[in-house]
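Architecture and fold: a report
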Amino acid sequence: TGNSSADISDSWNSFSSQQVDRQSVSLTGAYTDEKAEWSSKLEQRQDKTAAQNASKTVQLLSTNRLSYKVSEDWRFISKLNYSNSEKQVLQNNVNSQNSKQQLAELMDGNLGFAWSPIAQRWNVLAKYAYLYDLAPAGQMSSNGSEYDQKTHILSVEGVYELNKNWEIGGKVAR
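Residues numbered from 1 in each chain as written. Predicted model: local features only at pLDDT ≥ 70, side-chain atom pairs only at ≥ 80, totals over all residues. Heavy atoms only, no water.

Let us look at the confidence of the model for the protein. Fine structural detail should not be taken from predicted coordinates in areas where pLDDT scores are low. Counting all residues, the mean pLDDT for the protein is 83, and 75% of those residues have values of 70 or more. Looking across the protein, the model is least confident in strand β1 (residues 2–15), with a mean pLDDT of 59, and most confident in strand β9 (residues 167–173), with 96. (pLDDT = per-residue confidence, 0-100. Helix = DSSP H or I, 4+ residues; strand = E, 2+ residues; numbered from the N terminus.)

Written out as structure tokens, the structure is:
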């Protein structure tokens, strides 16, 4: 089975002393059958201020998931989330160019395999994860460093069912 939808919205919000006009467009899709599950969402948001120093913030968001049953015991899994925010200061003068500023960017994804044999007590998940996080401008930690990060993680985790009431698990990651 599959489905899809689209949504367009327009709202006017008041934050502190500025009024913000938000427009958003969203598109979603999903598909499921006996072997595969997929879902995705793409959204664009645009906020405009009507103040003297008018600005426009554009945010692009995407979420994606895929799971595929390779066999009764094995499953492939993946996820990818993305977000990008950019601010434009709008110039009233026709000869002036609008200035752009990258506010934040995030990419969070993983790929992995799950092993869950029906007749055994083991469940194992091995995956690779990637995180890229460009923090908003000016966001600093308590020691003055920026929060930007780029991380690659390999992990294996397992759970063993001791009996119907108890399980023991562990995880290693690098």
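This next bit is on the packing of aromatic side chains. Inspection of the entire model under this criterion finds three aromatic pairs. Seen in terms of ring centroids, Trp74 and Trp115 are 6.3 Å apart; in terms of plane orientation they differ by 35°. Their pairing is tilted. One end of the pair, Trp74, is in strand β5 (residues 74–89); the other, Trp115, is in strand β6 (residues 99–115), with 41 residues separating them in the sequence. Ring centres of Trp122 and Tyr160 lie 4.9 Å apart, and the angle between their planes is 50°; this geometry places the pair in the tilted category. Taken as a pair, Trp122 in strand β7 (residues 122–134) and Tyr160 in strand β8 (residues 149–161) lie far apart in primary sequence, 38 residues in all. (Phe/Tyr/Trp six-rings, centres within 6.5 Å; stacked < 30°, edge-to-face > 60°.)

Taken together, Tyr68, Val70, Trp74 and Phe113 make up a surface patch of nonpolar side chains, about 380 Å² in accessible area. Under the relative-accessibility criterion, Trp74 is labelled partly exposed at 40%. (Patch = residues over 30% accessible without salt bridge, like charges linked within 9 Å, V, L, I, M, F, W, Y side chains within 5 Å. Areas by Shrake-Rupley, 256 points an atom, 1.4 Å probe, with all protein chains shown as cover. Salt bridge = Lys/Arg side-chain N within 4 Å of Asp/Glu carboxyl O. Buried < 20%, exposed > 50% of the residue type's maximum accessible area, 1.4 Å probe, protein only.)

What follows covers the side chain of Glu43. By secondary structure assignment, the location of Glu43 is in strand β3 (residues 36–49). A relative accessible area of 12% places Glu43 in the buried class. In terms of polar contacts, Glu43 uses its side chain to reach the side chain of Arg45, at 2.6 Å. Ignoring sequence-local partners within four residues, the contact set of Glu43 consists of Val25, Ser26, Gln59, Leu60 and Leu61. (Polar contact = N/O pair within 3.5 Å; in protein donor to acceptor, adjacent residues only side chain to side chain. Contact = heavy atoms within 4.5 Å.)

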